[in-house]
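Fold and geometry: a report
What follows is each chain in one-letter form.
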Amino acid sequence: MPAVTLKAPRLFREACYVGGQWITADNGATIDVDNPATGDIIGRVPSLSQADIQQAIDSAQAGFNEWRQMTAQERADLMLRWLDLMQEHKEDIATLMTLEQGKPLAESRGEVDYAGAFIRWFAEEARRNYGETIPAAKRGQHIVVTRNPVGVTVAITPWNFPAAMITRKAGAALAAGCSMIIKPAEATPFTALALAQLAEEAGIPAGVLNVVTGDAPMIGETLTASPVVRKLSFTGSTAVGRKLMAQCAQNIQKVSLELGGNAPFIVFDDADVDKAVEGAIASKFRNTGQTCVCANRFLVQRGIHDAFVEALSKAMSELVVGDGFDEKANQSCLINKAAVEKVQTHYKDALDKGARHVWGESPNDAKGNYVQPVLITDVSHDSTVCKEETFGPLAAVIPFDTEEEAIALANDTPYGLASYFYARDIHRIWRVADALETGIVSINEGAFSNPAAPFGGVKASGLGREGSRHGMEEYTELKYLCMGGE
Ligand code: ADP
């Protein structure tokens, strides 16, 4: 049991959910899960064997056969029941999340709401899974296009949003009539298993939603090697996404990939500084800098540079770092030691290349997995921090002179997930929005995530969209019915 007590202890499951059964590995193998704030072991989850994963595939096929027969309204009702249970047990899910992921409890509660919003949105969308009719080419002929569930699907999810990255995929899949096998991140399986427990209690049929844990490469290979699996949705690193996409080539499985980002956050001279700083804090420091849409590079025009940097350092001085269970903390630990070392490396490299420390404690003085927010400026664009996602509370400012320069710097990356910019000139706003090579452009806004909007990237940031009707379409195949006339 976790050190923190849950109101409903049954939500803490140390078993996988497959075909409506709670299973352990056939050889009894387990994996320890720790609390990143303390290093304490919270519990153990099964390290399933290849045979267990095959069992999950068979169960998901059986689940699909039942689920696809149900009406959209029946599926939506069960999804909404699941949502009700998530909301009823919000505090417990948030507690498990903070325990295994470290994020401040208020953010965990917010994530339960955000995760639930995907279930609500897709449950509503289930009944709008429309096809189309097309004027036929011949007299008497009819052309009808139906939208059908792709079949058994797989979700491989990351640790930074242990609940929302699951519901964003499962909500769309279930609404479309697909079954799903979920492989949560090693660091955060307990949130996923609690969601599965609630799916069972909601009455979602056995096999429709399955959660497996264990050796990630083996699980990924076994699932993609099966012709029964028709789609993979992955959120994680570009390196793993590339590998999974290649694996999916064997059976021509559909893929959705939400991969790394390197978000530019541009502040033009005509921006509202206070608004820009508010957005910068929301974007950079959500989840202690550990989101794939966190601002990674602050490109700031010289005329506003000093005012922005001063206001940002003041706003950063109000951030409170502490254990996720400390209600005063809005910044907490990073996920592991490697994450801390990455921030340290980016900081040191930037300083070596001429950057100036403006505000905050050096990441080199980090204690445990805690890195204090830190602000640097005059960062050279060939620094590592401008090439790779830092995934931590390091705010790096790169001054620029012209709009053209800002756009060129912003696009000078293989990634293209999100970008942000602050400006007031309407002509500039359209020009810059058109020129930025990202799937999401956030204009005078620091927090854009919303289940109704299509989330996803271009270039090495991925393929496909999640959320919105486009997110559900990823789980469907079109069928063209051509009906001949007399
Ligand atoms: P991160 O760097 O954020 O941990 P990863 O891409 O390593 O991102 O992990 C994201 C998810 O992908 C996790 O659930 C992880 O277990 C899984 N994963 C990692 N390597 C593989 C692999 N070779 N095949 C399938 N899944 C993998």
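Presented here is a report on the structure given in the accompanying data block. (Residues numbered from 1 in each chain as written. Predicted model: local features only at pLDDT ≥ 70, side-chain atom pairs only at ≥ 80, totals over all residues. Heavy atoms only, no water.)

**Focus: the pairing of strand E16 (residues 394-400)**
Looking down a regular strand, the side chains alternate between one sheet face and the other. Judged by how many residues are buried, E16 sits mostly within the fold: seven of seven residues are covered. Taking every second residue as pointing to the same face, both faces of E16 are buried, with Leu394, Ala396, Ile398 and Phe400 on one and Ala395, Val397 and Pro399 on the other. Where strand E13 (residues 295-301) lies against E16, four bridges are found, and the strand directions are parallel. Residue pairing in the sheet places Leu299 in a bridge with Ile398 of E16. (Buried < 20%, exposed > 50% of the residue type's maximum accessible area, 1.4 Å probe, protein only. Helix = DSSP H or I, 4+ residues; strand = E, 2+ residues; numbered from the N terminus. Pairing = 2+ DSSP bridges.)

**Regarding the site of the ligand**
Looking at the ligand, there are 17 residues lining it, with Thr157, Lys183, Glu186, Phe234 and Ser237 nearest. If the ligand stood free it would expose 560 Å²; the protein chains cover 78% of that surface. Taken together, the elements giving at least two residues each to the shell around the ligand come down to helix H7 (216-225), strand E10 (229-235) and helix H8 (238-249). In terms of residue class, the shell around the ligand is built from nine nonpolar, five polar and three charged. (Near = heavy atom within 4 Å. Areas by Shrake-Rupley, 256 points an atom, 1.4 Å probe, with all protein chains shown as cover. Nonpolar A, V, L, I, M, F, W, Y, C, P; charged D, E, K, R; others polar.)

**A word on the nonpolar core**
If you look at the biggest cluster of nonpolar residues, it comprises 66 residues, and the most contacted ones within it are Trp82, Phe122, Leu174, Ile182, Phe190 and Ile204. When contributions to this core are tallied by element, the ones reaching two or more residues are strand E4 (41-46), helix H2 (72-88), helix H3 (90-101), helix H4 (105-126), helix H5 (164-176), strand E8 (179-183), helix H6 (189-202) and strand E9 (209-211). With 32 residues, the next largest nonpolar core counts Phe265, Val309, Met316 and Ile440 among its residues. (Core = buried A, V, L, I, M, F, W, Y, C linked by side-chain atoms within 4.5 Å.)

**Digging into the side chain of Asn262**
For Asn262, the position within the fold is in the loop between strand E11 (254-258) and strand E12 (263-267). For Asn262, the side chain forms a polar contact with the side chain of Asn296, separated by 2.9 Å. Those residues in contact with Asn262, other than ones at most four positions away along the chain, are Asn296, Arg297, Val385, Cys386, Lys387, Glu388, Glu389, Thr413 and Tyr415. (Polar contact = N/O pair within 3.5 Å; in protein donor to acceptor, adjacent residues only side chain to side chain. Contact = heavy atoms within 4.5 Å.)

**Considerations on the packing of helix H9 (residues 273-285) against helix H10 (residues 302-316)**
In helix packing, the relevant descriptors are the interaxial angle and the interaxial distance, both defined with respect to the helix axes. Viewed as axis vectors pointing N to C, H9 and H10 meet at an angle of 50 degrees, and their least axial separation amounts to 9 Å. When the interaxial angle is binned, H9 and H10 end up oblique. Considering the relative orientation of H9 and H10, their crossing is right-handed. Between H9, through Val273, Ala276, Val277, Ala280, Ile281 and Phe285, and H10, the contact on the second element is made entirely by Ile304, Ala307, Phe308, Ala311, Leu312, Ala315 and Met316. Of the residues in the contact of H9 with H10, the class split is 13 nonpolar, no polar and no charged. (Axes fitted to C-alpha atoms, helices over the stretch in contact; angles between N-to-C directions. Parallel < 35°, antiparallel > 145°, perpendicular 65-115°, else oblique. Left-handed = near helix turned anticlockwise from the far one by under 90°.)

By themselves these figures say nothing about function.
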